[in-house]
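Examination of the molecular architecture
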Amino acid sequence: MKPLKLVIAGPVAAGKTTFVRTLSTTEVVDTDEVATEQIGKASTTVAMDFGSLELDGVPVQLFGTPGQDRFDFMWEILSDGALGLVLLVHGQRPVDFPKARDILEFITSRIPVPFIIGVTHQDL
């Protein structure tokens, strides 16, 4: 059976890597590197996070995108062929809401994909 592809996107520190690591039942491939810009955390995803799981015997591939604009070319590459998009937004950082909207519009204007929005960090 062909795997289903789910893309996880959002601004920096929205929880994309944590989302992939939490749901994946296989070892996660990540491309975290030391942050070279002031982004509020020590490391950042520079290409993607990848994990997978099975839902009722159906394989699902999880592709987490980078959050920085300078890696926006990866948003379109990773979204190609996606069944759906999960847009994560850090609930305690309203300053990031416009950025989240920009990411959503960037992806959905190029790849028509259904999406849901998840609000993270609500426990803070």
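My aim in this report is to walk through the structure given alongside it, one point at a time. (Residues numbered from 1 in each chain as written. Predicted model: local features only at pLDDT ≥ 70, side-chain atom pairs only at ≥ 80, totals over all residues. Heavy atoms only, no water.)

1. Focus on the overall build of the chain
If you tally the helices and strands in the chain, you get three helices and six strands. Put simply, the chain runs from its N terminus to its C terminus through helices and strands in the order β-α-β-β-β-α-β-α-β. For the chain, whose C-alpha radius of gyration is 14 Å, the value lies close to the compact-globule estimate of 14 Å for 124 residues. Principal axes of the C-alpha set define a box for the chain whose edges measure 45 × 30 × 30 Å. Pairs at least 24 apart in sequence give 66% of the contacts found in the chain among residues at least 6 apart. Accessible area for the chain stands at about 6,900 Å²; split by element, carbon and sulfur atoms hold 58% of it. (Helix = DSSP H or I, 4+ residues; strand = E, 2+ residues; numbered from the N terminus. Rg over C-alpha atoms; globule rule 2.2 N^0.38 Å. Contact = heavy atoms within 4.5 Å. Areas by Shrake-Rupley, 256 points an atom, 1.4 Å probe, with all protein chains shown as cover.)

2. As for the packing of aromatic side chains
In this structure the tally under the stated criterion is two aromatic pairs. Note on F50 and F63: the rings are 4.9 Å apart at their centroids and 55 degrees apart in plane angle, and the pair reads as tilted. Placement of the pair is F50 in strand β3 (residues 43-55) and F63 in strand β4 (residues 58-64), with a sequence separation of 13 residues. A centroid spacing of 5.1 Å and a plane angle of 85 degrees characterise the contact between W75 and F106, whose relative ring orientation is edge-to-face. Of this pair, W75 sits in helix α2 (residues 73-79) while F106 sits in helix α3 (residues 97-110), and the two are 31 residues apart along the sequence. Taken individually, W75 and F106 each receive the classification buried, so the pair is uniform in this respect. Its end group placed over the ring of F63, K5 keeps NZ or CZ at 4.9 Å from the ring centre. Over the ring of F106 we find R110; its NZ or CZ atom is 3.7 Å from the centre of that ring. (Phe/Tyr/Trp six-rings, centres within 6.5 Å; stacked < 30°, edge-to-face > 60°. Buried < 20%, exposed > 50% of the residue type's maximum accessible area, 1.4 Å probe, protein only. Lys NZ or Arg CZ within 6 Å of the ring centre and 35° of its normal.)

3. Observations concerning the environment of I107
Mapped onto the secondary structure, I107 falls in helix α3. When its relative accessible area of 2% is taken as the criterion, I107 is described as buried. Here the alpha-carbon distance between I107 and V119, two residues 12 residues apart in the chain, equals 18 Å. Setting aside chain neighbours within four positions, we find I107 in contact with A9, W75, S79, L85 and V113.

4. What to know about the layout of surface pockets
Each pocket or cavity is described by its volume, and for the largest pocket that value is around 190 Å³. Taken together, 17 residues form the lining of the largest pocket, with A13, K16, T17, K41 and T45 sitting closest to its centre. Contributions of two or more residues to the lining of the largest pocket are made by α1 (16-23) and β3. Taken together, the residues of the lining of the largest pocket sort by class into four nonpolar, eight polar and five charged. (1 Å grid on protein atoms, 1.4 Å probe; cavity = no way out; pocket = protein on both sides within 12 Å on 5 of 7 lines; lining within 4 Å. Points joined across faces, edges and corners; volume = space filled by probe spheres on them. Nonpolar A, V, L, I, M, F, W, Y, C, P; charged D, E, K, R; others polar.)

5. Focus: the environment of D102
Among the secondary structure elements, D102 is positioned in helix α3. Judged by its relative accessible area of 45%, D102 is partly exposed.

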